[in-house]
Amino acid sequence: MRDLTNKYENAKYNSMEFMKNGQISAYFDALLEMNKYKRLMIAIVAN
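Starting afresh in each chain, residues are numbered from 1 along the sequence in its written order. Only residues with pLDDT of at least 70 get local features here, since the model is predicted, and only at 80 or more are side-chain atom pairs given and counted; chain-wide, interface and lining totals rely on the full set of residues. Processing note: side-chain calculations cover all non-hydrogen atoms of the structure and skip hydrogens and water entirely.

Things to note about the packing of helix α1 (residues 2-21) against helix α2 (residues 24-46)
The condition is simple: Lines fitted to C-alpha atoms define the axes here, with helix axes fitted over just the stretch in contact, and angles between the N-to-C directions of these axes take values from 0 to 180 degrees. Where helices and strands are cited, they refer to DSSP runs of H or I of at least four residues and of E of at least two residues respectively, numbered from the N terminus. Oblique is the label for any angle not under 35 degrees, not over 145, and not in the 65 to 115 range, which are roughly parallel, roughly antiparallel and roughly perpendicular in turn. For any helix crossing, the convention is left-handed if the near helix is rotated counterclockwise from the far helix by under a right angle, and right-handed if that rotation is clockwise. Residues count as neighbours in contact if any of their non-hydrogen atoms are within 4.5 Å of one another. Gly counts as polar in this scheme, as do all residues outside two lists: the nonpolar Ala, Val, Leu, Ile, Met, Phe, Trp, Tyr, Cys and Pro, and the charged Asp, Glu, Lys and Arg.
The geometry of α1 relative to α2 is characterised by a closest axis approach of 8 Å and an angle of 160° between their N-to-C directions. When the axes of α1 and α2 are compared, the pair comes out roughly antiparallel. The chirality of how α1 crosses α2 is left-handed. Mapping the contact onto sequence places Leu-4, Thr-5, Lys-7, Tyr-8, Ala-11, Lys-12, Ser-15, Phe-18 and Met-19 in α1 and Ala-26, Tyr-27, Ala-30, Leu-31, Glu-33, Met-34, Tyr-37, Lys-38, Leu-40, Met-41 and Ile-44 in α2. Here the contact of α1 with α2 is built from residues that sort into 14 nonpolar, 2 polar and 4 charged.

Have a look at this one:
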């Protein structure tokens, strides 16, 4: 769970940096990565 949280936070930081730099496609990719990790964390908590 800690590993997923760290990966989620890294993706969140990357998405903010991409947004600041105007890299739209990389920003959307980072958002998708955040969504993936968030779903995995929710699945782990649910079980």
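Regarding the nonpolar core
Condition: The set of buried Ala, Val, Leu, Ile, Met, Phe, Trp, Tyr and Cys residues whose side-chain atoms join them within 4.5 Å is what this entry labels a nonpolar core. The classification of residues rests on relative accessible area computed with a 1.4 Å probe and restricted to protein chains. Under 20% of the type maximum is buried, over 50% is exposed, and intermediate values are partly exposed.
Among the nonpolar cores identified, the biggest contains 6 residues, and these are Leu-4, Tyr-8, Ala-11, Met-34, Tyr-37 and Met-41. For this core, the elements supplying multiple residues, two or more each, are α1 and α2. With residues up to four places along the chain from it excluded, the contact list for Tyr-37 reads Leu-4, Lys-7 and Tyr-8.

Quick look at the packing of aromatic side chains
Here is the rule: Whether two aromatic rings pair depends on their centres lying within 6.5 Å, for rings of Phe, Tyr and Trp, where Trp uses its six-membered ring; planes under 30 degrees apart make the pair stacked, over 60 edge-to-face, and the rest tilted.
A full pass over the atoms with the stated rule returns 1 aromatic pair. Ring centres of Tyr-27 and Phe-28 lie 5.6 Å apart, and the angle between their planes is 45°; this geometry places the pair in the tilted category.

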